[in-house]
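Topology and contacts: notes
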Amino acid sequence: MTRIPIRRALISVYDKTGLADLARGLHDHGVQIVSTGTTAKTIEQAGIPVTKVEDLTGFPECLDGRVKTLHPGVHAGLLADLANPAHEQQLKDLGIEPFQLLVSNLYPFQRTVATGAKDDEVIEQIDIGGPAMVRAASKNHASVAVVTSPIQYAETRHALAAGGFTAEERRRLAAVAFAHTAAYDVAIASWFASAYAPDETARETGWPDVTAAVWERKEVLRYGENPHQQAALYFFRTDAADTGIAGADVLHGLAMSYNNYVDADAARRAAYDFGEPCVAIIKHSNPCGIAIGTDIADAYAKALACDPLSAYGGVVAANAAVTGALATRMTSESSADVVIAPDYDAKALEILTRKWRNIRLLRCAPPASAGGGRNGDSRDRSAKRIEFRQVSGGLLMQSADQIDAGGDDPQGWELKAGAAADAATLTDLAFAWRACRAVKSNAILLASGGASVGVGMGQVNRVDSARLAVARAGNRAAGSVAASDAYFPFPDGFEILAEAGVRAVVEPGGSRRDDTVVAAAQAAGVTLYFTGVRHFYH
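What comes next concerns the included structure. Sequence positions are assigned chain by chain, starting from 1 and proceeding in written order. With pLDDT at 70 or above as the cut-off, local features in this predicted model cover only qualifying residues; side-chain atom pairs require 80 or more to be listed or tallied, and sums for whole chains, interfaces and linings still use all residues. Excluding hydrogens and water, the side-chain values take into account all heavy atoms of the structure.

**Here we look at the overall build of the protein chain**
Under the convention used in this document: Helix numbers and strand numbers start at the N terminus; a helix is a DSSP run of H or I with at least 4 residues, a strand a run of E with at least 2. Partly exposed residues are those whose accessible area sits between 20% and 50% of the maximum for their type, while under 20% is buried and over 50% is exposed, using a 1.4 Å probe and protein chains only. The contact criterion used is simple: two residues touch if any of their non-hydrogen atoms lie within 4.5 Å. In short, Shrake-Rupley with a 1.4 Å probe defines the accessible areas, and a residue's cover is counted only from the protein chains shown. None of His or the chain ends enter the tally, which takes Lys and Arg as positive and Asp and Glu as negative. To locate a charge, the coordinates of NZ of Lys, CZ of Arg, CG of Asp or CD of Glu are taken.
Across its full length, the protein chain carries 20 helices and 22 strands. Taking the principal axes of the C-alpha coordinates as reference, the protein chain spans close to 100 × 60 × 45 Å. The 538 residues of the protein chain split such that 49% are buried. Sequence separation of 24 or more characterises 57% of the internal contacts of the protein chain that already satisfy a separation of 6 or more. Accessible surface, the protein chain: about 24700 Å² in total, of which carbon and sulfur atoms supply 52%. Taking the 52 positively charged and 61 negatively charged side chains of the protein chain as two groups, their mean positions are separated by 5 Å.

**Things to note about the packing of helix α13 (residues 296-306) against helix α15 (residues 324-333)**
Applicable threshold: Comment: axis = line fitted to C-alpha atoms, over the contacting stretch for helices; angle = value between 0 and 180 degrees taken between N-to-C directions. Orientation labels follow simple angle bins: below 35 degrees gives roughly parallel, above 145 gives roughly antiparallel, 65 to 115 gives roughly perpendicular, and whatever is left gives oblique. Less than a right angle of anticlockwise turn of the near helix away from the far helix marks a crossing as left-handed, whereas a clockwise turn marks it as right-handed. Following the grouping adopted for this structure description, the nonpolar residues are Ala, Val, Leu, Ile, Met, Phe, Trp, Tyr, Cys and Pro, the charged ones are Asp, Glu, Lys and Arg, and the polar ones are all others, Gly among them.
Orientation of α13 relative to α15, taken along the N-to-C sense of each, is 25°, at an axis distance of 8 Å. In terms of axis orientation, α13 runs roughly parallel to α15. Remark: the crossing between α13 and α15 carries right-handed chirality. Contacts between α13 and α15 pair I296, A297, D298, Y300, A301 and L304 from the former with A325, L326, R329, M330 and E333 from the latter. Classifying every residue of the contact of α13 with α15 gives 8 nonpolar, no polar and 3 charged.

**Considerations on the pairing of strand β21 (residues 504-507)**
The line we're drawing: Strands qualify as paired when DSSP identifies two bridges or more between them. Note on handedness: a clockwise path from strand one over the helix to strand two, with the strands aimed away from the viewer, defines a right-handed crossover.
Burial along β21 is two-sided: A504 and V506 and V505 and E507, pointing in opposite directions, are all buried. Here 3 bridges tie strand β20 (residues 481-484) to β21, and the two strands are oriented parallel to one another. Residue A483 lies in a different strand from β21, and its bridge partner there is V506. Following the chain from β20 across helix α19 (residues 491-499) to the adjacent parallel β21, one finds a crossover that is right-handed. For β21 and strand β22 (residues 527-530), the ladder comprises 4 bridges, and the chain directions are parallel. Pairing of E507 across the sheet is with F530, part of β22. What joins β21 to β22 is helix α20 (residues 514-524), and the crossover it makes is right-handed.

**Brief notes about the pattern of salt bridges**
Proximity of charged atoms lets side chains of opposite charge pair with each other. Put simply, the rule reads: Note on definitions: salt bridges are taken to be side-chain nitrogens of Lys or Arg within 4 Å of carboxyl oxygens of Asp or Glu.
The full count for this structure, using the stated rule, is 16 salt bridges. The partner of D307 in a salt bridge is R472, with the nearest N and O atoms 2.6 Å apart. Highlighted residues: D307 in the loop between α13 and α14 (308-311) and R472 in helix α18 (residues 462-473), separated in sequence by 165 residues. The class of D307 is buried, set by a relative accessible area of 13%. For R363, the salt bridge is made with D343, and the minimal N-O distance between the two is 3.9 Å. With a gap of 20 residues between them, R363 in strand β13 (residues 360-363) and D343 in the loop between β12 (336-341) and α16 (346-355) connect regions that are remote in the sequence.

**Let's talk about the packing of aromatic side chains**
This is how it is decided: Only rings of Phe, Tyr and Trp enter the pairing, Trp through its six-membered ring, and a pair is recorded when the two centres are within 6.5 Å. The plane angle decides the type: under 30 degrees is stacked, over 60 is edge-to-face, the rest tilted.
Taken as a whole, this structure holds 4 aromatic pairs when the rule is applied. Both rings, one in Y14 and one in Y107, keep their centres 6.3 Å apart while their planes meet at 70°; by these two values the pair is edge-to-face. Placement of Y14 in the loop between β1 (8-13) and α1 (19-28) and of Y107 in the loop between β4 (101-105) and α6 (109-114) is noted, with a sequence separation of 93 residues between them. Relative accessible area serves as the criterion here: at 40%, Y14 is assigned to the partly exposed category. Ring geometry for F488 and F494: centres 6.1 Å apart, planes at 85°, overall edge-to-face. Here F488 and F494 have matching classes, each one buried.

**Here's the deal with the environment of R503**
Convention followed: Under the rule applied, a polar contact is a pair of N or O atoms within 3.5 Å (in protein, one hydrogen donor and one hydrogen acceptor; residues adjacent in sequence only if both atoms are side-chain atoms).
Locating R503 in the fold gives a position in the loop between α19 and β21. Residue class for R503 comes out partly exposed when judged on its relative accessible area of 35%. Counting along the chain gives 442 residues from R503 to E61, while the straight-line C-alpha distance between them is 75 Å. If we ignore the near neighbours within four places in the chain, the residues touching R503 are T425, D428, G479, S480, V481, V526 and T527. At 2.5 Å, the side chain of R503 forms a polar contact with the side chain of T425.

**Considering α13**
Side chains three or four residues apart in an α-helix point the same way, a direct result of the helix having 3.6 residues per turn. Selection rule: By construction, the arc corresponds to the directions joining the helix axis to the C-beta atoms.
Among all positions in α13, only I296, A297, A299, Y300, A303, L304 and C306 are buried. The buried residues of α13 occupy an angular sector of 165° when the element is viewed end-on, so they sit on one face. The residue sitting at the N-terminus of α13 and contributing the capping side-chain oxygen is D295; that oxygen lies 3.1 Å from the backbone nitrogen of A297.

**Things to note about the nonpolar core**
General note: in soluble globular proteins, nonpolar side chains tend to be found buried as a group. Note the cut-off: In these notes, a set of buried Ala, Val, Leu, Ile, Met, Phe, Trp, Tyr and Cys residues joined through side-chain atoms within 4.5 Å is what counts as a nonpolar core.
Counting 51 residues, the largest nonpolar core has I290, I340, L429 and L445 as the members making the most contacts within it. Ignoring anything within four residues of it in the chain, the contact list for L429 reads W413, A421, V481, A482, A504, V505, V506 and Y529. The next biggest cluster of nonpolar side chains, apart from the first, holds 28 residues, and it includes Y300, V316, I351 and L361.

Treat this as a map of the structure, not an account of what it does.
Below, the structure is given as C-alpha cells:
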C-alpha cells in the first residue's frame with residue numbers, strides 16, 4: 001500500500017477531454033505541471049501555472065512537433081529508479097527532477113485510417129514521443145504512475161487526495177498502458193501490412209502477410225456454452241461506427257450469457273440485412289422466423305407466425321426502434337430472452353420491463369452495411385469488411401458475405417424454367433433469397449407475403465433441408481416461394497418443394513446436373529431462377 005506523493009507531473013495529450021479539470025486538481029494539490037505544445041496552451045488558458053517542456057530541456061520543439069519530449073531531461077525524470085541511490089545521485093548531478101505522474105494519450109491513428117485519409121496524413125498520426133514516454137513510465141511504475149485515458153482522471157484525483165497511487169495501483173495502470181501502446185502498434189503494423197503489401201503474395205491477393213489485433217475484456221460471463229466452461233466477452237476497440245454486438249448497451253435485465261451473445265449476433269445479422277422494417281427471431285443461431293412488414297410490429301407478427309413454438313424464449317432482433325405496439329404484441333403473444341434493436345421508445349421500455357423483469361434489452365446501432373451485408377464479428381479494413389474465425393492452431397479470415405448489385409439483384413437473375421415471375425412473386429423471391437443468408441447451411445427457406453413460412457437449416461444434405469422446410473410450413477407451403485443458399489446437386493431436393501406446391505424457386509445454379517433440376521422445374525411448371533451467387537453460412 002506504499003503511496004508515492006505526486007509532486008511533479010508531465011502532461012502531453014492529444015485528447016484534451018477533462019484536461020483543465022485534471023490540471024486544476026493537480027495544481028490545487030501543489031503539483032508542478034510540465035507540459036507540451038497545445039496541451040500546455042490549454043492548461044495556460046485555464047489559468048493554471050505550467051512549465052513548458054522546451055523551458056525544461058532548453059531545446060525547442062522542432063520538425064513540426066515531431067520532436068518535443070525525446071530528451072534526457074524528460075526521460076531521465078521518467079525512468080529514474082528512486083529506490084536506487086545511484087539513480088538519485090545521477091539526477092542530482094544532472095540537475096533533473098523526477099516525475100511521479102505521466103498523463104499521456106496518443107495521436108488518433110485508427111480514427112485517421114477510418115476516415116480514408118491519404119498515406120501521408122496517416123503516417124503523421126504515428127505517435128513517437130507519446131509511446132516512448134508511456135513505455136518509460138510504465139517500465140518505471142515502481143516510481144511513476146501513468147495515466148493514458150480521460151476515463152482514469154477521476155481515479156487520479158482520488159489518488160491525489162489519498163497521498164498518491166499505491167504500488168498495486170501503479171502496477172495496474174502500467175498494465176493498462178502497455179496494452180494501450182501494444183494496441184497502437186498493432187494498428188500501425190496492420191495498416192502497413194495492408195497498405196504496402198510487403199511480400200508478393202500480399203501484393204497479388206490483397207491479404208497482408210501479418211495481421212494482429214488487441215482485444216479488451218469487457219465482461220466475465222457466468223459460463224460458456226455449457227455450465228462447466230468458463231467464458232468472457234472481449235471487444236475490439238475501434239473508432240469505426242459499427243462496434244457490433246459486443247458494443248451494444250444492455251439497458252435492462254439479467255447479465256448476458258455466452259449463448260445469448262452468439263444468438264444475439266445471429267439475430268442482429270439477420271434483421272439488419274434488410275432496409276424495410278424487419279424482425280428476426282433466433283434460436284441456436286437459426287431463424288425461427290424472419291419477416292418484413294409495414295411497420296416493426298407487423299414484421300414481428302409475421303415472423304412469429306412462422307414457428308411460434310420454437311420462437312418461445314428466443315432472441316428477437318428488430319432493425320427499427322421497438323415501439324409500444326411491438327412490445328404489447330411480444331408480451332401478449334410469446335416470450336423472449338433477449339431483444340436487440342437500434343432503440344426503444346419510452347412506452348416499449350415500460351411494457352417490456354414491467355412484464356418481463358429479467359428480459360435482456362440491448363440497444364445496438366445498425367452496421368455500416370445495414371440493408372446489405374452479413375456482419376458477424378467483423379471490422380473495417382480498407383474497403384473490405386473482414387470476418388475472423390479461429391481454428392485450432394490458426395485463424396481464418398475472409399471478406400464478409402455482403403449483398404452486391406450482381407447476383408443478389410433480381411434484375412440480374414437468369415430465368416431457367418417456367419413463366420417469368422410477376423412483381424409480387426419476384427418481391428417474395430427477393431425476400432426469401434436475402435433471408436436465407438441468415439440460415440445455417442444447407443439452407444432452404446420458404447416465404448410468402450414478405451415472411452418466412454418454413455425453414456430447413458443445418459442439415460447434412462439438401463433433401464433433408466427441403467423436407468424440413470416443407471414440414472415446418474405445413475399447408476403454407478402450397479403457393480409459397482423458396483430460396484436455396486446453394487445449388488441443388490440433384491433434382492430430388494427441388495422435387496420435394498415442387499410436390500409441396502412451391503410455385504417459384506431461386507437458387508445459385510452451378511451444379512454439373514443443373515440441367516436435371518431445370519428439367520424437373522419445367523415438368524412441374526415451377527418458375528426457377530439462377531442467381532450465380534452462393535450464400536453458405538457455416
